[in-house]
Amino acid sequence: MPIKRVFHWQPNAGTTVNSQLLTEVSQCAETFNGVREGRWKPNLTFYKPMQRDQTIPADLPRDFLGIALPEQPNKYFLVIRGRSIVTEADSTIQVIMEKLQSYKSRISFTFEGIQYQLGDFLLRVGKVVPTHSENLRGIVMEVEYLPISSIEKGKVIMDEFFDLWQEALSNRSLPGHFSHIDTNFSDFGLSDTYTPQHTAVQYACVMAQMIASVQSVQALRS
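Right, let's walk through the structure included here. Given the structure is predicted, the values throughout are model-derived calculations rather than measurements. (Residues numbered from 1 in each chain as written. Predicted model: local features only at pLDDT ≥ 70, side-chain atom pairs only at ≥ 80, totals over all residues. Heavy atoms only, no water.)

**Comments concerning the overall build of the protein**
So the rule is basically this: Strands here are runs of E lasting at least two residues and helices are runs of H or I lasting at least four, both read from the DSSP assignment and numbered beginning at the N terminus. All radius of gyration figures rest on C-alpha atoms, and the globule criterion is 2.2 Å times the number of residues raised to 0.38. Exposure classes here rest on a 1.4 Å probe applied to the protein chains alone. A residue is buried below 20% of its type maximum, exposed above 50%, and partly exposed in between. Any pair of residues with heavy atoms lying within 4.5 Å of one another is described as a contacting pair. Surface accessibility in these figures is a Shrake-Rupley result with a 1.4 Å probe; residues are shielded only by whichever protein chains are displayed.
Tallying secondary structure elements over the protein gives 4 helices and 10 strands in all. Reading the protein from its N terminus to its C terminus gives the helix and strand order β-α-β-β-β-β-β-α-β-β-β-α-β-α. Rg of the C-alpha trace for the protein: 18 Å, near the compact-globule value of 17 Å for 222 residues, within the 12% margin. Its C-alpha atoms put the protein at 55 × 45 × 30 Å along the principal axes. Here the protein holds 222 residues, and the buried ones make up 43% of them. Considering only residue pairs separated by 6 or more positions, the protein has 66% of its internal contacts joining residues 24 or more positions apart. For the protein, the accessible surface area stands at approximately 11800 Å², while carbon and sulfur atoms represent 49% of it.

**A short note on the side chain of His 8**
The residue His 8 is located in strand 1 (residues 3-11) in this model. By relative accessible area, His 8 is classed as buried at 1%.

**Here's the deal with the pattern of salt bridges**
Formally: The salt bridge definition used is simple: a Lys or Arg side-chain nitrogen within 4 Å of an Asp or Glu carboxyl oxygen.
Under the defined criterion, the tally for this structure stands at 11 salt bridges. Glu 71 is the salt-bridge partner of Lys 4, the closest N and O atoms lying 2.5 Å from each other. Of this pair, Lys 4 sits in strand 1 while Glu 71 sits in the loop between strand 4 (64-68) and strand 5 (75-80), and the two are 67 residues apart along the sequence. Relative accessible area serves as the criterion here: at 5%, Lys 4 is assigned to the buried category.

**Things to note about the pairing of strand 6 (residues 85-90)**
The test is simple: Note: two strands are recorded as paired if DSSP finds a minimum of 2 bridges between them.
As paired elements, strand 5 and strand 6 share 6 bridges and run antiparallel to each other. Bridge pairing in strand 6 places Lys 75 opposite Asp 90. Counting the residues that bridge the hairpin from strand 5 to strand 6 gives 4 residues, and of these Ser 84 lies at a positive phi of roughly 55 degrees.

**A word on the pairing of strand 7 (residues 103-118)**
Pairing analysis gives 5 bridges linking strand 2 (residues 35-40) to strand 7, with the strands arranged antiparallel. Bridge pairing in strand 7 places Trp 40 opposite Gly 113. Note: strand 3 (residues 43-49) against strand 7, 7 bridges, orientation antiparallel. From the neighbouring strand, Asn 43 faces strand 7, where its bridge partner is Thr 110. In terms of strand pairing, strand 7 meets strand 8 (residues 121-130) through 10 bridges, oriented antiparallel.

**A short note on the nonpolar core**
Applied cut-off: Think of a nonpolar core as a cluster: buried Ala, Val, Leu, Ile, Met, Phe, Trp, Tyr and Cys residues, connected wherever their side-chain atoms sit within 4.5 Å.
Trp 9, Val 25, Leu 123, Met 141, Trp 165 and Phe 178 are the most contacted members of the largest nonpolar core, which totals 30 residues. When contributions to this core are tallied by element, the ones reaching two or more residues are strand 1, helix 1 (19-31), strand 7, strand 8, strand 9 (138-145) and helix 3 (151-170). Broken down by element, the residue count for this core peaks at 6 residues, all from helix 3. Setting aside its immediate chain neighbours within four residues, Trp 9 contacts Val 17, Leu 21, Val 25, Ile 139, Leu 169, Leu 174, Pro 175, Gly 176, His 177 and Phe 178. Listed in part, the 25 residues of the second largest apolar core include Leu 69, Val 86, Phe 111 and Val 128.

**Describing unusual backbone geometry**
Backbone geometry at Ser 84 places phi at a positive 55 degrees, although glycine is not the residue there. By the element assignment, Ser 84 lies in the loop between strand 5 and strand 6. Taking the relative accessible area as the measure of exposure, Ser 84 reaches 26% and is therefore partly exposed.

**Quick word on helix 3**
Worth spelling out the cut-off: What a helix should span is 1.5 Å times the count of its residues minus one. Here the bend at a residue means the angle between the axes of two seven-residue stretches, the one that ends at it and the one that starts at it.
A rise of 1.5 Å per residue sets the reference length of helix 3, with its 20 residues, at 28 Å; its end C-alpha atoms lie 27 Å apart and thus fit the reference within 8%. Within helix 3, the axis deviates most sharply at Ile 157, by approximately 30 degrees. Within helix 3, burial applies to Gly 154, Met 158, Phe 161, Phe 162, Trp 165, Ala 168 and Leu 169. Against the buried residues of helix 3 lie strand 1, helix 1, strand 7, strand 8, strand 9 and strand 10 (176-180).

Here's what the structure looks like:
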């Protein structure tokens with residue numbers, strides 16, 4: 001599987017994300033000679049245990065993330081960040097969990113945007129919104145390099161591409177920048193060869209960072 005990096009938009013202090021900003025970023029992808037190919041729509045859900053009493057056994061996770069990736073429609077990925085666990089299951093696991101009433105969905109987010117082809121790269125830019133809502137919570141970008149499946153071998157060219165992309169964005173003087181979280185995939189038992197599980201872990205880390213940023217802004221305002 002080709003390597004990917006997942007980025008999130010880090011707004012400057014005192015600013016927030018909005019639809020105009022998303023439009024500017026998307027226009028930058030098109031002026032970057034990107035060929036628009038279609039839509040892209042991953043989904044992420046926070047789950048928490050369903051218990052009549054609130055005493056949660058030590059061996060039962062208090063919450064975890066479920067991630068549906070459009071390129072893997074028959075799979076569902078589960079991530080427990082606190083324990084560095086990632087696994088994949090059949091997509092029917094969601095129905096099974098609902099019937100067993102072991103865990104329930106706390107909140108779901110949809111990452112919805114456009115895919116662009118730039119030579120050997122695929123660039124996906126989209127908004128982050130709560131499912132069944134248009135309340136913009138963030139902006140996420142995926143960069144995929146098609147010829148290579150080794151994370152280490154693809155590092156230099158991914159860095160170079162991102163530098164060029166940041167330079168193109170800087171010409172628009174936007175109030176923020178895209179940020180990438182360096183993830184130690186080996187902590188999750190993942191090798192150098194890229195898999196969809198690597199993508200799931202990146203989304204979990206990005207979502208945690210976005211929530212932390214929102215909470216930080218709210219704390220400053222209060």
